[in-house]
Amino acid sequence: MITAGVIGSSGVVDVLIDPLRYEFVRHALVVCAFAGGLCGLLGVFVTLKGMSYIGHGLSHAIFGGAAICAAIGLNFFVGAGIWGMATGLGVSRVTRRKLIAADAAIGVITTASFAFGIALLGLYSRVKQSIEATVFGSVLGVSTTDVLVIIGVTIATVVVVVAYYRPLLFTTFDSDVAEVSGVRTERIDALLMLLLCGAILTSMKVLGVTLIAAALVVPPVIARMLTNSFSRMLWLSSAIGAGSGLVGMYLSYHLDISSGATIVLVNFVIFAGVFAVTGPRALRRTAMAANAANAAAVGTGPAAPAAPAGAELSLEPRIGRV
Amino acid sequence: MTTTLPTPLLTLSGVSCHYGHEAVLEAIDFEVSGGGFTGIVGPSGSGKTTLLRTLLGTVTPTTGTVNRADGLRIGYVPQVETINWSFPVTVAEVVLMARPQRPFAPWATTRERAEVADILERLGIGALGRRHIRELSGGQQQRVFIARALLGDPHLLIMDEPTSGVDVRTRHEVIHMLADLNTKGLAMVLSTHDLNGIATHLPNIVCLNKRIMGEGSPRDVLTAEVLEQTYGAPMDVLEHAGMPIIVDRASDWADVIALRTSA
């Protein structure tokens, strides 16, 4: 952990400038801001598809891959990336077949991978040290390469989201009709998993396996409480994520607390503030969106019924199809 | 303007579909003619959705052939129950989803905006483009998804239970709008559970229970015999204002009626 004794005279400028004397802090600030923004961006798709648990699951699955990489001396990004991608595609395939709900598929597949990583820890003691940093997140080992990798992954992700904005939106909103309309939804889902794996791999170092899920879920939830527009939700969520990453990293430095924890706590403070202003009604629509997506994913039930606002006609209560 | 295609638009010949070992559709021969309007009725699990999906091309038959006219464009309107009404999306954004293939185009072009506005105007919801989909009435919501299908300039519109779960007034609104579109030359196939509210008003009906039990005009097909074969329950067909009305056979409800009268 970082000692906060270097803070000199009071003042906001000192609080902001002082940490920048250290190269590793500068690196960590960049990585945390980009990691927050990247997770916030992809988290919009994840939460609207009713797969909020995927971040938690994939990070744990990648932990299994990371353990194998460390054990056999393979590059972390290559090995854990392949492992995470395979797990993500497995989840996606099981979910698309609508046999079980997305959260159950994630639970089954990713916990098995996590357990595999734990088992490797027991077998190879030399693996243990590098894995612990992965579990809890640390800014101490952030290198220039890590900075360049996360900037590259973020730029690539933004380019892909802009390039495939329409099929991504359609597939997230209504995968079945998107497929009928000529969108290759299986490829779009695979693309999303690929982006998600890239985001988790590059963010895991500073956020940690255990807290990365919050960075994927909380900013989109806050953004959903603030807007009814998909495009606005995308940039709002990214901005909230990036801001939380930056503020969280500063707090981590000054309070001597792990970066993952402070970033998530900043997210939560923003959530609490927005909730206080917008009230439970705004929160309810995020919950309904997730529930509806989950119901649609397993084909079990109706989406949230329409609530006409000042309309001349109304829908009767809808009954799920047998 | 939609170009006219040679009719039939779609032909199913000897089509059977299976999920695992279970047959969902058996030996289906069916044609969709240009400008036609067909309703598919049948009990739950009778294969209506599978038949629609076979027409759409998302289900591949186990046996049989599906022939589509060259250049056939199909619009699809899903059941409103499958829509995620809390999704952060406006009416105009939903309609624009009909143009999913343009890369690097998160925002609509001026031309696309004009097309969306025009189609919303034609369906009587021109002022609602910026509204969130949840803020609309049932009939307006159905129109949004029909607008999305129409933006693709289809020759054929396929609808999965377009009046499921809506009130009587909305049902009237939707069926009149569909009739209007059909008179302008758009072919339609829809599935419905609503025999009296929808099926009896259509020019052509298919009674389906894995096999086609009957096809033709409501007067020819909606007979007690065909309905019992299709639904496995006895029904009577009455007549009102020159149209068939389907009712449950009174003798089948004798025990229930006895309960009511004794109470």
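Some points on the overall build of chain A
Of regular secondary structure, chain A possesses 14 helices and zero strands. In chain A, the order of α-helices and β-strands from amino to carboxyl end is α-α-α-α-α-α-α-α-α-α-α-α-α-α. Per-residue burial for chain A yields a buried fraction of 53% across its 322 residues.

Side note on the overall build of chain B
Across its full length, chain B carries eight helices and 11 strands. Taken along its principal axes, the extent of the C-alpha atoms in chain B is 65 × 50 × 40 Å. For chain B, the residues scored as buried account for 44% of the 263 residues in total. Counting only contacts in chain B whose residues sit at least 6 apart along the sequence, the fraction spanning at least 24 positions is 65%.

Some points on the sheet that holds strand S9 (residues 211-216) of chain B
All names here are of chain B. One open sheet holds the six strands; their spatial order is S5-S6-S7-S3-S8-S9, and the pairing between them is mixed. With one partner strand each, in any of the chains shown, strand S5 (74-77) and S9 form the two edges of the open sheet. If you compare each strand with its neighbour and ignore which way they point, the axes differ by 15 degrees on average. In the sheet, strand S8 (residues 204-209) pairs with S9 via five bridges, with the strands oriented antiparallel. If you follow Val 206 over to S9, its bridge partner there is Glu 215. Where helix H4 (residues 138-151) meets the sheet, its contacts fall on S5 and strand S6 (156-160), and the angle it forms with S5 comes to roughly 165 degrees.

Some details on the confidence of the model for chain B
Across chain B, pLDDT averages 89, with 97% of residues at or above 70. For this predicted complex, the interface confidence comes out at an ipTM of 0.86, alongside a pTM of 0.82.

Digging into unusual backbone geometry
Residue and element names in this part refer to chain B. The phi dihedral of Phe 104 is positive, around 50 degrees, even though this residue is not glycine. Its location among the elements puts Phe 104 in the loop between helix H2 (91-96) and helix H3 (110-122). Classification of Phe 104 by C-beta neighbours within 10 Å gives exposed; the count is 10.

Observations concerning the environment of Glu 228 of chain B
Residue and element names in this part refer to chain B. Following the sequence through the fold, Glu 228 ends up in helix H7 (residues 224-231). Along the chain, Glu 228 and Met 213 lie 15 residues apart, while their C-alpha atoms are 9.8 Å from each other. Not counting residues within four places of it along the chain, the set of residues in contact with Glu 228 comprises Ala 233, Pro 234 and Met 235.

Concerning the nonpolar core
With 163 residues, the main nonpolar core has Ala 35, Leu 42, Ile 62, Leu 196 and Ala 215 of chain A together with Val 95 and Ile 158 of chain B as its most contacted residues. The dominant element in this core, judged by the number of residues it contributes, is helix H2 (residues 23-48) of chain A, at 17 residues.

Focus on the packing of H3 of chain B against H4 of chain B
Residue and element names in this part refer to chain B. Where H3 contacts H4, the axes come no closer than 10 Å and their chain directions differ by 130 degrees. Relative to H4, the element H3 lies oblique. You can see that H3 and H4 cross each other, and the crossing is right-handed. Judged by residue contacts, Glu 115, Val 116, Ile 119 and Leu 120 of H3 engage Ala 147, Leu 150 and Leu 151 from H4. In terms of residue class, the contact of H3 with H4 is made up of six nonpolar, no polar and one charged.

Digging into the environment of Ser 231 of chain A
Residue and element names in this part refer to chain A. As for its placement among the helices and strands, Ser 231 is situated in helix H12 (residues 230-255). What makes Ser 231 partly exposed here is the crowd of 17 C-beta atoms within 10 Å. When the C-alpha positions of Ser 231 and Tyr 165 are compared, they lie 9.4 Å apart, and in sequence the two are 66 residues distant.

As for the confidence of the model for chain A
Averaged over every residue, the pLDDT of chain A is 79; residues scoring 70 or more account for 79%. Segment residues 296-322 of chain A is flagged for pLDDT under 50; beyond a separation of four residues in sequence, or across chains, it makes 71 contacts in the model.

Considerations on the sheet that holds strand S2 (residues 22-32) of chain B
Residue and element names in this part refer to chain B. Strand order in the open sheet made by the three strands is S2-S1-S4, with antiparallel pairing throughout. At either end of the open sheet lies a strand with only one pairing partner, and these are S2 and strand S4 (63-68). Taking the axes of each pair of neighbouring strands and ignoring which way they run, one obtains an average angle of 25 degrees across the sheet. Pairing geometry for strand S1 (residues 10-19) and S2, over seven bridges, is antiparallel. Bridge pairing in S2 places Tyr 19 opposite Glu 22.

Focus: the pairing of S6 of chain B
All names here are of chain B. In terms of burial, S6 is largely enclosed, as five of its five residues are buried. Relative to S6, S5 runs parallel, the two being bridged by four bridges. Across the sheet, the residue bridging to Tyr 76 is Ile 158, located in S6. Between the parallel pair S6 and strand S7 (residues 187-192), the chain is carried across by helix H5 (residues 168-183), and the sense of this crossover is right-handed.

Some thoughts on the environment of Pro 106 of chain B
Tracing the backbone through its elements, the reader meets Pro 106 of chain B in the loop between H2 and H3. Separated by 84 residues in sequence, Pro 106 of chain B and Glu 22 of chain B have C-alpha atoms that sit 43 Å apart. With near-sequence residues (within four places) excluded, Pro 106 of chain B lies in contact with Val 162, Tyr 165 and Ser 231 of chain A.

Focus on H5 of chain B
Residue and element names in this part refer to chain B. Compared with an ideal rise of 1.5 Å per residue, which puts 16 residues at 22 Å, H5 spans 23 Å between its outermost C-alpha atoms and is within 8% of the ideal. All of the buried residues along H5 are Thr 170, Arg 171, Glu 173, Val 174 and Leu 178. Looking straight down H5, one finds its buried side chains confined to an arc of 160 degrees; they lie on one side. Among the exposed residues of H5, those oriented more than 90 degrees off its buried face are Val 168, His 176, Asp 180 and Thr 183. Next to the buried residues of H5 lie H4 and S7. Within two residues after H5, Gly 185 carries a phi angle of roughly 105 degrees, on the positive side.

Some details on the packing of helix H11 (residues 212-226) of chain A against helix H13 (residues 259-278) of chain A
All names here are of chain A. Two numbers describe how H11 lies on H13: the axes approach to 10 Å, and their chain directions differ by 20 degrees. The orientation of H11 relative to H13 falls into the category roughly parallel. Between H11 and H13 lies a crossing of left-handed hand. Contacts between H11 and H13 involve Ala 214, Ala 215, Val 218, Pro 219, Val 221, Ile 222, Met 225 and Leu 226 on the former and, on the latter, Ile 263, Val 264, Asn 267, Phe 268, Ile 270, Phe 271, Val 274 and Thr 278. Split by residue class, the contact of H11 with H13 holds 14 nonpolar, two polar and no charged.

Conventions we followed
- Residues numbered from 1 in each chain as written.
- Chains lettered and ligands numbered in written order.
- Predicted model: local features only at pLDDT ≥ 70, side-chain atom pairs only at ≥ 80, totals over all residues.
- Helix = DSSP H or I, 4+ residues; strand = E, 2+ residues; numbered from the N terminus.
- Buried ≥ 20, exposed ≤ 12 C-beta atoms within 10 Å, placed from the backbone.
- Contact = placed C-beta atoms within 7 Å.
- Pairing = 2+ DSSP bridges.
- Axes fitted to C-alpha atoms, helices over the stretch in contact; angles between N-to-C directions.
- pLDDT = per-residue confidence, 0-100.
- Core = buried A, V, L, I, M, F, W, Y, C linked by C-beta atoms within 7 Å.
- Parallel < 35°, antiparallel > 145°, perpendicular 65-115°, else oblique.
- Left-handed = near helix turned anticlockwise from the far one by under 90°.
- Nonpolar A, V, L, I, M, F, W, Y, C, P; charged D, E, K, R; others polar.
- Right-handed = clockwise from strand over helix to strand, strands pointing away.
- Expected span 1.5 Å × (residues − 1).
- Arc of directions from axis to C-beta.

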